[in-house]
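Geometric and topological summary
What follows is each chain in one-letter form.
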Amino acid sequence: MKRLILILAWALLLLPAAGAQEPDKQLNKKNLVIKEWNSDPKGGNKVLDHITTFSAEGKKIEEAEYGSEGQKWRKRFEYGPDGKVSRELVYDGRNKLQTYKTFEWNAFGKKKVQYTYNAKGKLLSIKQYEYLAQDAGE
């Protein structure tokens, strides 16, 4: 019994120290460009893999993926007055518009509906989002 009390007392002493860890520092995304590179295990033959670009407001405005042949695809993001993404435009490796998406948002700022169109504006698909909270007691 004394051993159990000693273990519990020790655990109570350690708990405040565990919670006192330094909080993660948020990356400042204003005017940020992130480049991702792939290379072989020896560090040679470095190839550009991905670029993500953020606006002066810190919003993602463009994303592109690359391979050894050059650009594979590119996405451009447009924002509405509410600050949410209103359109996502997808271009191929030759910067030709392939598809674009528009969005509806719910009262909690989460995606409600996504509409996908081809380059000529023909509706291709509709995706609806449903958010279900699980009871924590289950």
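Everything discussed here concerns the structure shown above.
Bear in mind the structure is a predicted one, so any value in this text is a computation, not a measurement. (Residues numbered from 1 in each chain as written. Predicted model: local features only at pLDDT ≥ 70, side-chain atom pairs only at ≥ 80, totals over all residues. Heavy atoms only, no water.)

The next thing to look at is the pairing of strand S7 (residues 111–118). Judged from the seven bridges that link them, strand S6 (residues 97–105) and S7 form a sheet pairing that is antiparallel. Each residue of the ladder has a partner; that of Phe 103, found in S7, is Gln 114. Between S6 and S7, which pair antiparallel one after the other, the connecting turn spans five residues, and Gly 109 there sits at a positive phi close to 80°. In this structure, S7 lies alongside strand S8 (residues 123–128), joined through five bridges in antiparallel fashion. (Pairing = 2+ DSSP bridges. Helix = DSSP H or I, 4+ residues; strand = E, 2+ residues; numbered from the N terminus.)

This part takes up the pattern of salt bridges. If you walk through the whole model with that rule in mind, you get seven salt bridges. The salt bridge involving Glu 63 is made with Lys 60; its shortest N-O contact spans 3.2 Å. Across the pair Glu 88 and Lys 101 runs a salt bridge whose closest N-O atoms are separated by 3.8 Å. Here the residue Glu 88 occupies a position in strand S5 (residues 85–92), and Lys 101 occupies one in strand S6, the gap between them amounting to 13 residues. Taken together, the shared-partner salt bridges in this structure form one network comprising Lys 75, Glu 88 and Lys 101. (Salt bridge = Lys/Arg side-chain N within 4 Å of Asp/Glu carboxyl O.)

As a further point, take unusual backbone geometry. Trans peptide bonds make up most of the peptide bonds, and negative phi angles are found at most residues other than glycine. Phi at Asn 31 takes a positive value of approximately 55°, unusual for a residue other than glycine. Within the element layout of this structure, Asn 31 appears in the loop between helix H1 (2–19) and strand S1 (33–38). Here Asn 95, not a glycine, exhibits a phi torsion of approximately 60°, which is positive.

Quick look at the environment of Ala 119 now. Tracing the backbone shows Ala 119 in the loop between S7 and S8. Separated by 21 residues in the primary sequence, Ala 119 and Gln 98 place their C-alpha atoms 5.2 Å from one another. Among all residues touching Ala 119, those that are not within four sequence positions of it are Leu 97 and Gln 98. (Contact = heavy atoms within 4.5 Å.)

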